[in-house]
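Tertiary structure, described
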Amino acid sequence: MNVDLNVKPHPAFEEIFWVTLEDGSRKLGTKNFSPGNSVYGERLIKFEGTEYRLWEPFRSKLAAAILKGLKTVPVCLDQKVLYLGAASGTTPSHISDIVGENGHVYCVEFASRSLRELVNNVVAFRYNMSPILADARLPESYSRMVEQVSTIYCDVAQPEQAKLLADNADMFLAEGGWVMLAIKAQSIDVTKDPAEVIRKETAILESRGFNIKQVVGLEPFDKAHAMVVAQK
Amino acid sequence: MVKATIVESVMGAFGFGEDNILVEKMFFPKDAVETAERLKKIEDGTLIDEISGLIDNLKKKGYTQFVFENQKMAITANKKLNIEVSVEPSSEAGNLFRENLVTIALDSGFVEKPEQLRAHLHKVSMELAKIKVKKVVEKRDMLVAQAVLSVDDLDKSLNLFMGRIREWYGLHFPELDRLLEKHETYSRLVVKLGRKENFTIEKLEQEGLPQNKSKMIAEVAAASMGADIIEDDLAQIQYMCSHVLELYSLRQNLENYVEAVMDEVAPNTKAVAGSLLGGRLIALAGGLMNLAKLPASTMQILGAEKALFRSLKTKARPPKHGIIFQHPLIHDGKRWQRGKIARALAGKITIAARVDAFKGEYAADDLKADLEKRVQEITERYPNPPPTPAPTKREFKGKQKNRRQNRRNKRGPKR
């Protein structure tokens with residue numbers, strides 16, 4: 001099947017696009033904030049004068065969650081986002097695409113090795129991002145670098161994910177702000193059933209005053225992972 | 001008692017009064033590098049001029065109690081300036097400040113447009129990240145880790161190449177494979193002597209082989225059933241061998257380097273674990289500091305994660321030792337004593353790593369003496385293997401062969 005390349009805005013989410021490729025397959029994409037640069041080897045698509053980056057669900061849990069039927073994506077144009085566990089910047093780069101030049105993505109990462117990649121390959125080309133080498137468990141250690149944000153995205157491989165997210169929210173999240181928590185059940189407790197771990201973590205969020213809006217499993221893109229969306 | 005909250009930011013230090021109203025501020029220079037350096041100092045709990053100046057000004061205005069968001073800073077301020085402090089990680093004033101960051105920046109005249117603040121933030125955070133990454137890498141422990149991993153890579157490649165060479169030269173002189181265990185000697189002889197006709201007693205002895213060995217090899221060479229080989233073919237084999245020999249000298253070089261750097265970076269760990277094993281542990285933990293923070297039980301099974309998680313999942317028996325198996329005390333120990341020795345050794349390596357990371361003095365002699373005493377005790381108390389339990393169905397039988405292979409690889413190269 002040969003179809004013409006085509007890019008359409010996602011019906012529900014601002015600044016997220018459906019890209020129809022030549023072979024008829026449909027992929028997620030975002031507008032490239034730094035045209036010409038691909039962050040993790042994703043394909044760049046030119047359509048009607050704008051460059052788009054394909055968003056790979058097997059690499060980015062946010063893309064996987066969107067494909068798995070996320071109802072709200074609390075990231076949109078002009079927003080400030082705190083990203084905990086930015087690693088080498090796969091998902092943060094797409095969030096940077098979405099929030100655009102008036103938004104800002106604060107990327108907290110603990111491993112200096114990953115942060116080096118993040119700084120050199122991603123942040124250097126995107127002035128709406130800030131790299132922060134710090135331990136996400138200690139929000140006061142980077143409070144100087146971060147302003148109040150409307151969304152916190154948390155994807156850290158820590159046993160205390162939910163608590164850490166709530167601590168950060170106390171310090172940085174605006175009233176009525178949103179949080180997204182990517183739960184990796186295996187890194188919280190390998191011996192327990194993933195469903196149970198996810199229940200436990202969401203319960204912690206609820207006890208800290210969050211209103212759980214949706215929990216999506218990320219199979220088949222990631223095993224034993226779930227994305228939780230909640231509002232304060 | 002009048003309370004003021006100190007909030008630091010990329011712009012400078014700000015002081016808020018009782019009702020969270022901004023009363024005093026001190027800007028940093030607008031240069032990103034200088035700002036990043038100041039922020040780094042604040043993070044480390046060093047008092048900088050901007051903050052002490054701010055506090056002085058606040059004192060003049062009658063403020064006597066100071067709230068910080070960061071504990072380290074509070075402690076230093078308390079000691080150096082002799083003021084009353086308290087710590088509130090997400091203070092009201094701080095939250096308010098972060099909520100109105102852009103407005104404050106504009107109102108206070110730090111920038112004229114919001115975009116300028118964005119750009120400044122981006123630049124400062126880049127600089128700060130660079131400073132911090134550099135700091136982490138500056139310690140030489142990660143260099144040792146890379147060197148040790150290179151040694152391991154070399155070992156893997158060398159085994160691979162030597163397998164090929166033995167097969168290749170074996171077409172000409174197949175019997176030599178069984179007679180010479182050591183790879184290095186094998187390839188040296190191929191380079192120096194070439195054809196099997198040259199493997200005479202005199203020449204072999206000249207190459208430093210013991211007399212009886214030389215005699216045996218020479219006899220076998222004379223009666224070999226290998227095919228003849230022309231000069232061209234032999235030259236290629238020799239060429240390959242000479243490069244393998246170079247890799248061996250590279251390996252030796254790296255080993256010496258690791259030895260030397262470990263002496264500087266982690267002398268105690270080196271003394272207890274040995275330089276290569278110590279380096280491997282540092283590599284696995286991701287740095288000396290991380291290694292020092294591990295509990296002894298983790299140290300014991302570092303490198304056996306797969307077996308550990310399998311045991312957690314399936315209730316199979318947990319691994320007794322990870323990479324520390326390479327330590328002569330364990331792999332030369334009796335099978336039933338190894339678990340106990342591993343526990344003792346892991347404990348001592350843990351102490352050694354902590355001394356290296358936090359104190360830096362040499363204390364390994366005591367550690368080694370204690371360890372030897374404990375090993376002595378173990379060997380005396382458990383001289384015989386425990387009675388074998390009634391045979392039960394063993395799990396993962398299908399993978400048995402594979403597991404043994406893995407363990408063999410971990411033990412290092414055949415010499």
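Treat the numbers as computed from the prediction; the structure is a model and nothing was measured.

**Concerning the interface of chain B and chain A**
Taken together, the contact pairs 29 residues of chain B with 31 residues of chain A. Interface area, chain B with chain A, both sides summed: about 2700 Å², of which 63% is carbon and sulfur. Of all residues in chain B, the largest losses of buried area upon contact with chain A belong to Arg 98, Arg 118 and His 122 of chain B, amounting jointly to 24% of the total for that side. In this structure, Glu 43 of chain B engages Arg 144 of chain A in a salt bridge whose closest nitrogen and oxygen atoms are separated by 3.9 Å.

**Brief notes about the nonpolar core**
Membership of the largest hydrophobic core comes to 73 residues, with the highest contact counts inside it found for Leu 82, Leu 84, Tyr 142, Val 146 and Ile 152 of chain A together with Met 11 and Phe 66 of chain B. At 7 residues, helix α4 (residues 161-172) of chain A tops the list of elements feeding residues into this core. If sequence neighbours within four positions are ignored, Leu 84 of chain A has contacts with Val 108, Ala 136, Tyr 142, Ile 152, Tyr 153, Cys 154, Asp 155, Val 156, Leu 164, Leu 165 and Asn 168 of chain A. By size, the runner-up hydrophobic cluster in this structure holds 45 residues, among which are Val 148, Ala 266, Ala 292 and Ala 357 of chain B.

**What about the sheet that holds strand β1 (residues 3-8) of chain B?**
Residues and elements named next belong to chain B. Here 5 strands make up an open sheet; going across it, the order is β3-β2-β1-β4-β5 and the pairing mixed. The sheet is open, and its two edges are formed by β3 (22-27) and β5 (84-87), each paired on a single side. If you compare each strand with its neighbour and ignore which way they point, the axes differ by 25° on average. Relative to strand β4 (residues 65-68), β1 runs parallel, the two being bridged by 4 bridges. Pairing of Ala 4 across the sheet is with Phe 66, part of β4.

**Examining unusual backbone geometry**
Pro 220 of chain A follows Glu 219 of chain A through a cis peptide bond whose omega is 0°. Positionally, Pro 220 of chain A belongs in the loop between β11 (211-217) and β12 (225-231). Phi at Ala 224 of chain A takes a positive value of approximately 55°, unusual for a residue other than glycine. If you trace the backbone, Ala 224 of chain A turns up in the loop between β11 and β12. Even without glycine at this site, Asn 20 of chain B takes up a positive phi of about 60°. Residue placement: Asn 20 of chain B occurs in the loop between β2 (12-16) and β3. The class for Asn 20 of chain B is buried, based on a relative accessible area of 17%.

**Looking at helix α9 (residues 183-193) of chain B**
Residues and elements named next belong to chain B. When we look at burial in α9, the residues that qualify are His 183, Thr 185, Tyr 186, Ser 187, Leu 189, Val 190 and Leu 193. Buried positions along α9 lie against α7 (141-170), α8 (176-179), α10 (201-206) and α12 (231-265). Two residues or fewer after α9 comes Gly 194, characterised by a positive phi angle close to 75°.

**Observations regarding the confidence of the model for chain B**
With 93% of its residues at a pLDDT of 70 or more, chain B shows a mean pLDDT of 86. Overall fold confidence (pTM) sits at 0.73, and the ipTM for the predicted complex is 0.85.

**Quick notes on the pairing of β5 of chain B**
Residue and element names in this part refer to chain B. As defined by bridge partners, β4 adjoins β5 across 4 bridges and the pair is classed as parallel. Note on β5: the bridge partner recorded for Val 67 is Ser 86. Regarding the hand of the β-α-β motif, the stretch spanning β4, helix α3 (residues 71-81) and β5 is right-handed.

**Considering the sheet that holds strand β6 (residues 80-84) of chain A**
All names here are of chain A. Overall, mixed pairing links the 7 strands, which are arranged β8-β7-β6-β9-β10-β12-β11 in an open sheet. Two strands in the sheet have a free side with no partner beyond their single neighbour: β8 (129-133) and β11. The mean inter-strand angle of the sheet, taken between neighbouring strand axes irrespective of direction, is 15°. As defined by bridge partners, β11 adjoins β12 across 6 bridges and the pair is classed as antiparallel. Among the inter-strand pairings, Ile 212 is bridged to a residue of β12, identified as Ala 230. Here helix α3 (residues 112-122) sits on the sheet in contact with β7 (104-109) and β8, set at roughly 160° to β8.

Procedures and definitions
Residues numbered from 1 in each chain as written. Chains lettered and ligands numbered in written order. Predicted model: local features only at pLDDT ≥ 70, side-chain atom pairs only at ≥ 80, totals over all residues. Heavy atoms only, no water. Contact = heavy atoms within 4.5 Å. Buried area = accessible area lost by both parts, 1.4 Å probe. Salt bridge = Lys/Arg side-chain N within 4 Å of Asp/Glu carboxyl O. Core = buried A, V, L, I, M, F, W, Y, C linked by side-chain atoms within 4.5 Å. Buried < 20%, exposed > 50% of the residue type's maximum accessible area, 1.4 Å probe, protein only. Helix = DSSP H or I, 4+ residues; strand = E, 2+ residues; numbered from the N terminus. Pairing = 2+ DSSP bridges. Axes fitted to C-alpha atoms, helices over the stretch in contact; angles between N-to-C directions. pLDDT = per-residue confidence, 0-100. Right-handed = clockwise from strand over helix to strand, strands pointing away.

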